[in-house]
Amino acid sequence: QVQLAESGGGLVQPGGTLKLSCAYSTSGGGFTVDTMAWYRHPGKQRELVAIITSGESTNYADTVKGRFSISRDSAKNTGYLHMTSPKPGDTAIYYCYAVTTGGWGYWGQGTQVTVSE
């Protein structure tokens, strides 16, 4: 089992910065978190924002490339999404997603990000 807890959401002005965190804990043993990702749900369907592998390879949605940065600190069991120059169109509920070395996927509860003046 993996438990994920997002934090850092809130109201941010266009052009500002916001950093989301995803702290994870595991129970049961015998596996670790391999890939982490951030998704967002702006109202229609959930979309992938960014992904980072255990080897720290990253990939981004075209809509956020150059503005958002995904990272992870394995020593702290935490993943991050650093949002710069957010736009109103980035307003959504952001979800952390983690895949274990055993291939199981887990979702966090989500954190609301609102980009507005």
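Up top is the structure.
Residues numbered from 1 in each chain as written. Predicted model: local features only at pLDDT ≥ 70, side-chain atom pairs only at ≥ 80, totals over all residues. Heavy atoms only, no water.

**Student:** I'd love a proper account of the pairing of strand 4 (residues 33-41), names of residues and values included.
**Tutor:** With 8 bridges connecting them, strand 4 and strand 9 (residues 92-100) associate as antiparallel partners. The residue of strand 9 that forms the bridge with Met36 is Ala98. As paired elements, strand 4 and strand 5 (residues 47-52) share 5 bridges and run antiparallel to each other. When the sheet's bridge partners are listed, Arg40 is paired in strand 5 with Glu47. Turn length for the strand 4-strand 5 hairpin, with the two strands adjacent in sequence and antiparallel, is 5 residues, and the turn residue Gly43 shows positive phi of about 140 degrees. (Pairing = 2+ DSSP bridges. Helix = DSSP H or I, 4+ residues; strand = E, 2+ residues; numbered from the N terminus.)

**Student:** Can you explain the nonpolar core? Please cite residues and give values.
**Tutor:** Leu4, Leu20, Trp38, Val49, Leu81, Met83 and Tyr94 are the most contacted members of the largest nonpolar core, which totals 28 residues. Listing elements by their share of this core, those giving two or more residues are strand 1 (2-7), strand 3 (17-26), strand 4, strand 5, strand 7 (68-73), strand 8 (78-84), strand 9 and strand 11 (111-115). In contact with Tyr94, not counting residues within four places along its chain, are Glu6, Leu20, Trp38, Tyr39, Arg40, Val49, Phe68, Leu81, Met83, Gly110, Thr111 and Val113. (Core = buried A, V, L, I, M, F, W, Y, C linked by side-chain atoms within 4.5 Å. Buried < 20%, exposed > 50% of the residue type's maximum accessible area, 1.4 Å probe, protein only. Contact = heavy atoms within 4.5 Å.)

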